[in-house]
Amino acid sequence: MPGTIAVLTMSKGRPDELLRQVDGLSVGSVPPDLHVVVSMGDRDLTRGRLPLGTDRWTTVVCPVPTDRRALPLAAARNRAAREALEVGADVLIFLDGDVIPGSRTLERYADAVTGVSPALRDLARPDGPVVWAGPVLQLPEPPDEHVGYPLGHLHKYGVRTPGTPALSPGELRPETRWDYFHAVAFAMSPEDFRATGGFCEDYTGHGLEDADFAHVVHNAGGALVWVGGATAYVQPRADLDRTQETRIALRHAEVWRGRWGAEPAHPWLQRLRGEGLLRLDEGRWGAA
């Protein structure tokens with residue numbers, strides 16, 4: 001397996017989900033060399049109360065400044081990347097704290113990033129940065145909350161999220177619909193990530209920060225490519241309070257407007273509009 005693999009994780013207050021991720025990394029075909037876990041105000045993490053350590057790889061836990069409005073996901077991803085880049089990682093694999101990787105997810109990502117996959121022979125490589133995205137499957141609640149999920153059978157529980165293609169293992173497929181990029185799970189080379197300048201840290205909370213990142217890659221002449229078999233299984237998440245989600249959406253729309261000089265057109269905002277939470281008045285997003 002080529003290169004040094006770094007898994008970069010952002011976490012806040014979901015210890016069971018994070019420990020399941022570690023279990024998933026433990027049984028994978030290829031372990032990481034480095035696991036960077038960024039605490040977004042999680043005291044159990046920063047005080048070493050979670051048993052994340054293993055003798056199979058190096059674990060680094062580091063904090064990122066956090067306020068009460070929303071989680072600094074963009075800043076946390078950048079912080080994790082800096083840790084990995086400082087030690088010379090060759091493959092950056094970003095996994096949100098509630099993601100369990102499939103059995104060959106790290107291997108598939110590493111092959112794609114380092115150019116080992118035979119499928120790359122038929123794939124035109126762009127001049128700009130490449131984002132490698134694996135299929136995202138949504139998990140139900142675990143069948144046993146104390147034991148968790150049977151890691152060898154996650155595929156029996158996962159439900160494919162909208163826009164995620166059905167790919168054969170190792171298949172690579174370019175994606176032109178940039179709205180389908182979700183930063184819950186993806187991989188990049190260090191050079192390509194540096195070329196993007198990282199995530200815009202003006203975004204806090206989940207919403208348009210990944211769409212903004214995809215916009216940067218697209219404008220730089222880059223590509224978004226699906227990687228078959230690099231599967232991410234997302235554990236159940238609690239729905240955001242609707243008032244809080246609306247506030248985040250309006251804040252994100254304002255940041256987007258300031259960066260790109262236009263209103264964002266994104267399925268998330270359209271969904272909130274359909275639910276009666278947002279309105280588009282004379283081409284500008286506002287509270288309904």
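Note that this is a predicted model, so its numbers are computed, not measured. (Residues numbered from 1 in each chain as written. Predicted model: local features only at pLDDT ≥ 70, side-chain atom pairs only at ≥ 80, totals over all residues. Heavy atoms only, no water.)

1. Structural notes on the overall build of the protein chain
Then, in step 1: A count of helices and strands for the protein chain gives eight helices and 14 strands.
Then, in step 2: Taking 2.2 N^0.38 as the reference for a compact globule, 288 residues should give roughly 19 Å; the C-alpha atoms of the protein chain span a radius of gyration of 18 Å, in line with that estimate.
Then, in step 3: Counting only C-alpha atoms, the protein chain reaches 55 × 45 × 40 Å along its principal axes.
Then, in step 4: Each of the 288 residues in the protein chain was classed as buried or not, and the buried ones make up 53%.
Then, in step 5: Within the protein chain, contacts between residues at least 6 apart in sequence are counted, and of these 75% link residues at least 24 apart.
Then, in step 6: Accessible surface for the protein chain amounts to roughly 13100 Å². Of this, 48% is attributable to carbon and sulfur atoms.
Then, in step 7: Across the protein chain, the 31 positively charged side chains and the 38 negatively charged ones have centroids separated by 2 Å. (Helix = DSSP H or I, 4+ residues; strand = E, 2+ residues; numbered from the N terminus. Rg over C-alpha atoms; globule rule 2.2 N^0.38 Å. Buried < 20%, exposed > 50% of the residue type's maximum accessible area, 1.4 Å probe, protein only. Contact = heavy atoms within 4.5 Å. Areas by Shrake-Rupley, 256 points an atom, 1.4 Å probe, with all protein chains shown as cover. Lys, Arg positive; Asp, Glu negative; His and termini not counted. Charge placed at Lys NZ, Arg CZ, Asp CG, Glu CD.)

2. Re the confidence of the model for the protein chain
Then, in step 1: Of the residues in the protein chain, 99% have a pLDDT of 70 or more, and the chain-wide mean is 92.
Then, in step 2: Element-level mean pLDDT values for the protein chain span from 84 in helix 2 (residues 43–46) up to 98 in strand 10 (residues 185–188). (pLDDT = per-residue confidence, 0-100.)

3. Here we look at the pattern of salt bridges
Then, in step 1: Counting across every chain of the model gives 18 salt bridges.
Then, in step 2: Residue Arg104 is joined to Glu107 by a salt bridge in which the shortest nitrogen-to-oxygen separation is 2.7 Å.
Then, in step 3: Classification of Arg104 as partly exposed rests on a relative accessible area of 35%.
Then, in step 4: On the basis of relative accessible area, Glu107 is assigned to the buried category, the value being 15%.
Then, in step 5: In this structure, Arg242 engages Glu245 in a salt bridge whose closest nitrogen and oxygen atoms are separated by 2.6 Å. (Salt bridge = Lys/Arg side-chain N within 4 Å of Asp/Glu carboxyl O.)

4. What to know about the layout of surface pockets
Then, in step 1: Here the largest pocket defines a volume of roughly 1500 Å³.
Then, in step 2: In terms of lining residues, the largest pocket is bounded by 42 residues, among which Val184, His206, Arg237, Ala238 and Leu240 are the most central.
Then, in step 3: Elements supplying a minimum of two residues to the lining of the largest pocket: strand 1 (5–11), strand 7 (136–138), helix 6 (209–219), helix 7 (242–260) and helix 8 (267–274).
Then, in step 4: Among the elements that take part in the lining of the largest pocket, helix 7 stands out by supplying four residues, more than any other.
Then, in step 5: Here the lining of the largest pocket is composed, by residue class, of 18 nonpolar, ten polar and 14 charged.
Then, in step 6: Estimates place the volume of the second largest pocket at around 380 Å³.
Then, in step 7: Gly102, Ser103, Gly229, Thr231 and Tyr233 are the residues nearest the centre of the second largest pocket, which is lined by 20 residues in total. (1 Å grid on protein atoms, 1.4 Å probe; cavity = no way out; pocket = protein on both sides within 12 Å on 5 of 7 lines; lining within 4 Å. Points joined across faces, edges and corners; volume = space filled by probe spheres on them. Nonpolar A, V, L, I, M, F, W, Y, C, P; charged D, E, K, R; others polar.)

5. Brief notes about the sheet that holds strand 12 (residues 232–234)
Then, in step 1: Spatial ordering of the open sheet is given by 5-12-7-8, a layout of four strands whose pairing is mixed. The open sheet has two edge strands, strand 5 (99–101) and strand 8 (159–160), and neither has a second partner.
Then, in step 2: Direction of pairing for strand 7 relative to strand 8: antiparallel, over a ladder of two bridges. From the neighbouring strand, Leu137 faces strand 8, where its bridge partner is Arg160. (Pairing = 2+ DSSP bridges.)

6. Thoughts on the pairing of strand 1
Then, in step 1: Summarising burial for strand 1: seven of the seven residues are buried, a large majority.
Then, in step 2: Residue alternation in strand 1 divides its side chains into two sets, Ile5, Val7, Thr9 and Ser11 and Ala6, Leu8 and Met10, and both sets are buried.
Then, in step 3: With six bridges connecting them, strand 1 and strand 4 (residues 91–96) associate as parallel partners. The residue bridging Leu8 from the neighbouring strand is Phe94, located in strand 4.

7. So, a negative patch on the surface
Then, in step 1: A grouping of Asp16, Glu141, Asp144 and Glu145 is seen on the molecular surface, where their side chains present a negatively charged patch.
Then, in step 2: Tracing the backbone shows Glu141 in the loop between strand 7 and strand 8.
Then, in step 3: On the basis of relative accessible area, Glu141 is assigned to the exposed category, the value being 59%. (Patch = residues over 30% accessible without salt bridge, like charges linked within 9 Å, V, L, I, M, F, W, Y side chains within 5 Å.)

8. Looking at the side chain of Thr204
Then, in step 1: Looking at the secondary structure, you find Thr204 in the loop between helix 5 (190–196) and helix 6.
Then, in step 2: Judged by relative accessible area, Thr204 falls into the buried class, the value being 11%.
Then, in step 3: At 3.3 Å, the side chain of Thr204 and the side chain of Arg251 are in polar contact.
Then, in step 4: When sequence neighbours within four positions are dropped, the list of residues in contact with Thr204 reads Arg69, Ala70, Leu71, Ile248, Arg251 and His252. (Polar contact = N/O pair within 3.5 Å; in protein donor to acceptor, adjacent residues only side chain to side chain.)

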